[in-house]
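Structural overview for review
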Amino acid sequence: MQTVLVIEDNRSIMMVNERVLTKAGYHVLGAADGEQALLVARDNIPDLILLDMMLPKLGGEEVLRSLKQNPATAPIPVIVVTSLSQKNEEKLRDEGAAAFLDKNNLFNNPEFLLQAVGKILAKNKAIAKLPVLT
Ligand code: MN
C-alpha cells in the first residue's frame, strides 16, 4: 500500500482528500501545520506528499525547501495544492515541486486529485526502475 501525506490546515479539505485517497486504496497521513508536516514526513517517508501553501507555523514554500534539503525526504515527490495564482509555479518547480493542483478544481472534482496522484506515483516508479549504470 502506498502512503500519501496530506499537509493541509483546512479541516474540511483535509477530510475530503483523506476520504477520496483512502477509498482509492492509499494509506493517508495528515499534518495540519508546517512543523508537524516535516516531522511526519521524516518519521514516515511517505511515497507522495500533497502540500498546501498557506499553512500555520511554517509556510508551504519553507516546508518544500526543508523537504528537499533533507536527503531522506528529498526524493519524495511533492504536489503543491493551492488556490493562489500560478505566478509562483516556476519558482516552486525549481525548488522541487513535482506537480500543481488547483484547490478549486480539486473541491469540485475529486477525480482530479486521484489522477494527479496516480500520475506522479507511476512516474516515480518508472524512475526507480531505471537500471543502475556501472
Ligand atoms: Mn491552508
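Note that the structure is predicted; figures quoted are calculated from it, not measured.

**What to know about helix 2 (residues 34-44)**
- The complete set of buried residues in helix 2 reads G34, A37, L38, V40 and A41.
- Each element contacted by the buried residues of helix 2 is listed here: strand 1 (3-7), strand 2 (27-31), strand 3 (48-52) and helix 3 (60-69).
- Of the residues that open helix 2, the one with a side-chain oxygen 3.0 Å from the backbone nitrogen of E35 is D33.
- Once helix 2 finishes, I45 follows within two positions and takes phi at roughly 40°, a positive value.

**Some thoughts on helix 6 (residues 110-128)**
- The end-to-end C-alpha distance of helix 6, which contains 19 residues, comes to 27 Å, matching closely the 27 Å that a straight helix rising 1.5 Å per residue would cover.
- Every buried residue of helix 6 is accounted for by L113, A116, V117, I120 and L121. For helix 6, the buried positions fall inside an angular range of 120° around the axis, keeping them on one side. In helix 6, the exposed residues that point more than 90 degrees away from the buried face are Q115, K119, K123 and K125.
- In the core, the buried residues of helix 6 are packed alongside strand 1, helix 1 (11-23), strand 3, strand 4 (78-82), strand 5 (99-102) and helix 5 (103-108).

**Section: the coordination of the manganese ion**
- At 2.0 to 2.2 Å from the manganese ion lie its protein donor atoms, namely D9 (OD), D52 (OD) and M54 (O).
- Between consecutive donor residues of the manganese ion, the sequence gaps follow D-x42-D-x1-M.

**Here's the deal with the nonpolar core**
- Ranked by internal contacts, the top residues of the largest apolar core, which has 21 residues, are L5, I7, I49, L51, V63, L67 and L92.
- When residues of this core are traced back to their parent elements, those giving at least two are strand 1, strand 2, helix 2, strand 3, helix 3 and strand 4.
- The residues contacting L51, other than those within four sequence positions of it, are I7, G60, V63, L64, V78, I79, V80 and V81.

Cut-offs applied
- Residues numbered from 1 in each chain as written.
- Predicted model: local features only at pLDDT ≥ 70, side-chain atom pairs only at ≥ 80, totals over all residues.
- Heavy atoms only, no water.
- Buried < 20%, exposed > 50% of the residue type's maximum accessible area, 1.4 Å probe, protein only.
- Helix = DSSP H or I, 4+ residues; strand = E, 2+ residues; numbered from the N terminus.
- Contact = heavy atoms within 4.5 Å.
- Polar contact = N/O pair within 3.5 Å; in protein donor to acceptor, adjacent residues only side chain to side chain.
- Expected span 1.5 Å × (residues − 1).
- Arc of directions from axis to C-beta.
- Donors = N, O, S within 2.8 Å, 3.2 Å for Na, K, Ca; no water.
- Core = buried A, V, L, I, M, F, W, Y, C linked by side-chain atoms within 4.5 Å.

That's the geometry; what it means functionally is another story.
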